[in-house]
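Single-letter residue listing:
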Amino acid sequence: INLGVDPRHADQMVRGVCNLPNGSGRSVRVAVFAKGAKAEEAKAAGADVVGAEGLMRQIQNGDMPFESVISTPDMMPLVGRLGKILGPKGMMPNPKVGTVTQDVAKAVQDAKGDMVEFRVAKAGVVHAGVGKASFAQDKLAENVTAFCTAIKKAKPSGARGTYFKKVSLSSSMGPSVRIDVRECNDVSDSSQFFSVVSNSNKSPTDKLCADRKDRIFSVKSTKTVNSIRNEQGRHNDQVVQYITRLA
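Each value, and the rule that gives it
- Here the residue index of a chain counts from 1 through its sequence in written order.
- Residue-level local features of this predicted model are given only where pLDDT is at least 70; pairs of side-chain atoms are given and counted only at 80 or more, and the full residue set underlies all totals for whole chains, interfaces and linings.
- Hydrogens and water are ignored here; the side-chain numbers use all heavy atoms of the structure.
- Under the DSSP-based scheme used, a helix requires at least four consecutive residues in state H or I and a strand at least two consecutive residues in state E, with every element numbered from the N terminus.
- Here's how the labels work: a residue is buried when its accessible area is under 20% of the maximum for its type, exposed when over 50%, partly exposed in between, all with a 1.4 Å probe on protein chains only.
- Working rule for contacts: check all heavy atoms of both residues, and any pair within 4.5 Å makes them a contact.
- Between any two strands, pairing holds if DSSP finds at least two bridges.
- Known as pLDDT, the predictor's confidence for each residue is given on a scale from 0 to 100.
- Salt-bridge detection follows one rule: a side-chain nitrogen of Lys or Arg within 4 Å of a carboxyl oxygen of Asp or Glu.
- As used here, the term nonpolar core means buried Ala, Val, Leu, Ile, Met, Phe, Trp, Tyr and Cys residues forming a set that is joined through side-chain atoms within 4.5 Å.
- For every element, the axis is a line fit to its C-alpha atoms; helices are fit only across the contacting stretch, and the angle between N-to-C directions ranges from 0 to 180 degrees.
- When describing relative orientation, an angle under 35 degrees is termed roughly parallel and one over 145 degrees roughly antiparallel, while 65 to 115 degrees is termed roughly perpendicular and anything else oblique.
- By convention the crossing between two helices is left-handed if the near helix lies anticlockwise of the far one by an angle smaller than a right angle, and right-handed if it lies clockwise.
- A pair of aromatic rings is counted whenever rings of Phe, Tyr or Trp (Trp by its six-membered ring) have centres within 6.5 Å, and the orientation is called stacked for planes under 30 degrees apart, edge-to-face for over 60 and tilted otherwise.

### Some details on the overall build of the protein chain
(1) Moving on: A count of helices and strands for the protein chain gives 9 helices and 10 strands.
(2) Moving on: With 247 residues in all, the protein chain has 46% of them scored as buried.
(3) Moving on: Pairs at least 24 apart in sequence give 63% of the contacts found in the protein chain among residues at least 6 apart.

### As for the sheet that holds strand 1 (residues 2-3)
(1) Moving on: Ordered by their spatial adjacency, 3 strands build an open sheet running 1-7-8, and the pairing between neighbours is antiparallel. The sheet is open, and its two borders are formed by strand 1 and strand 8 (177-179), each paired with just one other strand.
(2) Moving on: In this sheet, strand 8 lies alongside strand 7 (residues 164-169) in antiparallel orientation, the contact comprising 3 bridges. Note on strand 8: the bridge partner recorded for V167 is I179.

### Concerning the confidence of the model for the protein chain
(1) Moving on: Chain-level statistics for the protein chain give a pLDDT mean of 77 and a share of 73% at 70 or above.
(2) Moving on: Counting interchain partners and residues more than four positions distant, the pLDDT-below-50 stretch residues 196-225 has 72 contacts.

### A closer look at the pattern of salt bridges
(1) Moving on: If you walk through the whole model with that rule in mind, you get 7 salt bridges.
(2) Moving on: For R29, the salt bridge is made with E67, and the minimal N-O distance between the two is 2.4 Å. In this pair, R29 is assigned in the loop between strand 2 (15-19) and strand 3 (30-33) and E67 in the loop between helix 2 (53-60) and strand 5 (68-71), connecting sequence segments 38 residues apart.
(3) Moving on: Among the residues examined, R29 registers a relative accessible area of 39% and is labelled partly exposed.
(4) Moving on: A salt bridge links K106 to D110; the nearest nitrogen and oxygen atoms lie 2.9 Å apart. Of the two residues, K106 and D110 both sit in helix 5 (residues 104-112), 4 residues apart, roughly one turn of that helix.
(5) Moving on: Taking relative accessible area as the criterion, K106 reaches 44% and is therefore assigned partly exposed.

### Observations concerning the environment of G113
(1) Moving on: One can find G113 in the loop between helix 5 and strand 6 (115-119).
(2) Moving on: Placed 92 residues apart in sequence, G113 and P21 show a C-alpha to C-alpha distance of 10.0 Å.

### Side note on the nonpolar core
(1) Moving on: Among the nonpolar cores identified, the biggest contains 25 residues, and I1, L3, V14, F118, F147, I151 and Y163 are the most heavily contacted of them.
(2) Moving on: Secondary-structure elements contributing two or more residues to this core are strand 6, helix 6 (137-153) and strand 7.
(3) Moving on: It is helix 6 that provides the largest number of residues to this core, a total of 6 residues.
(4) Moving on: In this structure I1 touches G124, V125, V126, F147, C148, I151, F164, K166 and V167, once residues within four positions along its chain are discounted.
(5) Moving on: Counting residues in hydrophobic clusters, the runner-up holds 16 residues, among them I59, M64, M75 and L82.

### Regarding the sheet that holds strand 4 (residues 49-51)
(1) Moving on: In space, the 3 strands of this open sheet follow the order 4-3-5, with parallel pairing throughout. Edge positions in the sheet fall to strand 4 and strand 5, since each has one partner strand and no second. On average, each strand axis in the sheet is tilted by 15° relative to the strand beside it, whichever way the strands run.
(2) Moving on: One ladder, built from 3 bridges, connects strand 3 with strand 4; its direction is parallel. Following the sheet pairing, V32 is matched in strand 4 by V50.
(3) Moving on: Strands strand 3 and strand 4 of the sheet are contacted by helix 2, whose axis makes an angle of about 130° with strand 3.

### Overview of the packing of helix 1 (residues 36-45) against helix 5
(1) Moving on: The geometry of helix 1 relative to helix 5 is characterised by a closest axis approach of 8 Å and an angle of 30° between their N-to-C directions. Put simply, helix 1 runs roughly parallel to helix 5. Between helix 1 and helix 5 lies a crossing of right-handed hand. Where helix 1 abuts helix 5, its residues K38, E41, A42 and A45 lie against V104, A105, V108 and Q109.

### A word on the packing of aromatic side chains
(1) Moving on: Overall, the coordinates contain 2 aromatic pairs when judged by the stated rule.
(2) Moving on: Considering the side-chain rings of F118 and F147, the 5.8 Å spacing of their centres and the 85° angle between planes classify their relative orientation as edge-to-face. Taken together, the residues F118 in strand 6 and F147 in helix 6 connect sequence positions 29 residues apart. F147 matches F118 in its accessibility class, with the two residues each being buried.
(3) Moving on: Here the aromatic rings of Y163 and F164 are separated by 5.2 Å at their centres, their planes lie at 70°, and the arrangement is edge-to-face. Just as Y163 is buried, F164 falls in that class too.

The structure is reproduced here in structure tokens:
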């Protein structure tokens with residue numbers, strides 16, 4: 001999603017979390033910085049790694065068998081020493097996204113279940129995984145709606161003009177297809193984001209095609225197929241033929 005914001009300005013930063021109604025389909029390993037009873041809570045909730053000073057030394061040595069980090073508030077002085085390691089990887093605990101909390105059990109369950117964290121990058125781009133190709137079409141639509149709703153709710157006060165500038169949907173390593181967003185900025189109920197995109201009277205209805213084995217595509221017309229051929233080149237000829245059959 002390309003947003004009409006400039007992340008270089010503090011009042012135009014877009015960041016938050018989204019709970020996908022049907023989960024992301026990914027398996028996430030979670031590390032928790034906690035001691036005593038909170039450490040036991042984290043283990044009971046399914047945390048893969050729990051510790052304090054020992055976990056800090058493990059990370060400093062480059063041993064990081066996890067994708068998400070959670071901490072209790074009292075452990076943040078310790079975790080702060082790891083900012084140069086966890087920060088660039090996007091794993092630094094942050095109270096704004098719920099990864100610095102006393103309720104470590106819920107945080108672990110969210111991280112391993114349906115929670116997706118998002119943050120605007122350079123040029124105002126936000127990207128995230130919203131499901132697997134094996135998901136049913138209605139489940140994917142619900143996840144996309146929930147994610148776009150979370151993005152709209154996170155609109156910063158400093159944002160001016162068009163908020164949603166471009167939205168694209170793609171499979172992993174597959175060509176992306178743009179979704180019509182001309183009317184999305186006028187939707188009063190953000191939960192209707194995806195339905196407006198799909199049912200716009202100003203453009204052909206998107207057809208969300210799911211192949212349960214490997215790919216997801218949103219196909220509008222032959223023009224879209226031709227643009228994919230021009231952009232991707234001869235290496236995607238087979239993909240273009242595949243999309244044409246789905247359309």
